[in-house]
Amino acid sequence: AIPSPGSGEVLVRNTHLAFEPAMRGWMEDRPSYIPPVGIGEVMRGMTVGEVVESNLDGFAPGDRVSGMLGWQEYGLGDAGLTKLPPGVEAPLAMSVLAITGLTAYFGMLDLGEPKAGQTVVVSGAAGATGSVAGQIAKIQGCRVIGIAGGADKCSWLTKEAHFDAAIDYKSEDVGARLSELCPDGIHVYFDNVGGEILNEVLARIAQKARVVLCGAISGYNLEETQPGPANYFNLVIQRGRMEGFIVLDYVSRFAEATEQLLGWVQDGSIAWQADVQKGFENAPKTFLRLFEGANTGKQLLEL
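This section reports on the structure supplied with the text. (Residues numbered from 1 in each chain as written. Predicted model: local features only at pLDDT ≥ 70, side-chain atom pairs only at ≥ 80, totals over all residues. Heavy atoms only, no water.)

This model, assessed by the stated rule, comprises 14 salt bridges. Among the ionic pairs, Glu 50 bridges to Arg 13, the shortest N-O distance being 4.0 Å. Placement of Glu 50 in strand β2 (residues 47-54) and of Arg 13 in strand β1 (residues 10-18) is noted, with a sequence separation of 37 residues between them. A relative accessible area of 30% means that Glu 50 is categorised as partly exposed. (Salt bridge = Lys/Arg side-chain N within 4 Å of Asp/Glu carboxyl O. Helix = DSSP H or I, 4+ residues; strand = E, 2+ residues; numbered from the N terminus. Buried < 20%, exposed > 50% of the residue type's maximum accessible area, 1.4 Å probe, protein only.)

So, on to the nonpolar core. In terms of nonpolar packing, the biggest core is built from 49 residues, with Met 108 and Leu 261 touching the most fellow members. If sequence neighbours within four positions are ignored, Met 108 has contacts with Thr 103, Glu 113, Pro 114, Val 120, Val 122, Ala 133, Ile 136, Ala 137, Val 188 and Phe 190. Ile 145, Ile 167, Ile 186 and Ile 197 belong to the second-largest nonpolar core, a separate cluster that totals 20 residues. (Core = buried A, V, L, I, M, F, W, Y, C linked by side-chain atoms within 4.5 Å. Contact = heavy atoms within 4.5 Å.)

With respect to the helices, strands and loops of the structure, Tyr 250 is situated in the loop between β11 (241-244) and α9 (254-266). C-alpha separation for the pair Tyr 250 and Leu 102, spaced 148 residues apart in sequence, amounts to 8.8 Å. Look past the residues within four positions of Tyr 250 in its chain and what remains in contact with it is Phe 106, Asp 110, Leu 111 and Phe 245.

The subject of this paragraph is α9. Here α9 spans 18 Å end to end across 13 residues, near enough to the 18 Å set by a 1.5 Å rise per residue. Phe 254, Ala 257, Leu 261, Leu 262, Trp 264 and Val 265 are the residues of α9 that are buried. For α9, the angular spread of the buried residues around the axis is 160°, confining them to a single face. Turned more than 90 degrees from where α9 packs its buried face, Ala 255, Glu 259 and Gln 266 sit exposed. Those residues of α9 that are buried lie in contact with α2 (90-93), α3 (99-112) and α4 (128-139). (Expected span 1.5 Å × (residues − 1). Arc of directions from axis to C-beta.)

Bear in mind that shape data such as this cannot, by itself, settle questions of function.
Laid out in C-alpha cells, this is it:
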C-alpha cells in the first residue's frame, strides 16, 4: 500500500535509483559507520523523485527532490530531502552533485591536498567518484594518471575527462606503466579498488605522498579477507600518509561542495557520464554491474 504522509512529511514517487559500491558493505552484519540493512527492510539507496503529496513547509506537489528513500517506488521523506537545483536533471543530481561527487571533492581536496605540478594517480578512474576526483586534481594544476578497465574507459579519460594518461589494468602491466608514467614518484593516490593495485602504487610513492583510501571494490565480494599490502613500509621510508575517510563526516559542508561542483560542470572543467538502466525489476542486476565493471560513470536505474 502507498503510505500517506504524516505531519512534516512528503510522499515521493521515485523515478531514479542510484547505486554505490558501499551498498555491498551495508548488507553485512558487522561493525561499520552505518547500521546494516535488516532482512525484510527496504534496501537503502539514494533516489530522485517527484513530490506527490506534502505536509512539509517548503515542499509542494511536483517538486523534484533527492534523498535516501531506498529501493521502492514510493517513499516518505522529511526535511532531509533536497530539492534539485533549477535546470539540473536526475543523472547529474545523482552523480557529480551527489554522494559520489562529494566523496571525490572532500577526499581529493581535504585529504589528498594536491599541489600544482604534482603527479596524482586515481584507481577506478572511469567510475563516478574516480573520474571527478581526477578532474578536481587537474583543476588544481596536477598531472593526473587514471587506472581503469578497458580501452573505451581509458580513451574517455584522456579525451573527455582531461586526464594526462590512462592505464588499462585489464591489458597492461600496472606496475610497469606506473614506473614509466611517474618517474618522480606518485604524490597523491586516490584509491577506489585496494588489492594489488594499491600495493603497486605504494611501491612508487614520492616523499610526503598522500594516499587517500576511498574504497576497495576489488575485495568486497571475497569470502576471505586479503592480506595487507606488502609495500606498506614504503610509507615509512617516504614519510607518506595513508588515510581513510567517510563522506558523511563532511555533511556540514555539502552545500559548499555542491555549489563548486556545479560551477565546474557548467564551465566545462568536469566531464561526467551516467549509465542508466531501466525497469524497477532490474535493480539487483543493475547493482551487480558495479562489480562486473560494466558501468562507465554513475550507475543509475530509471524506474
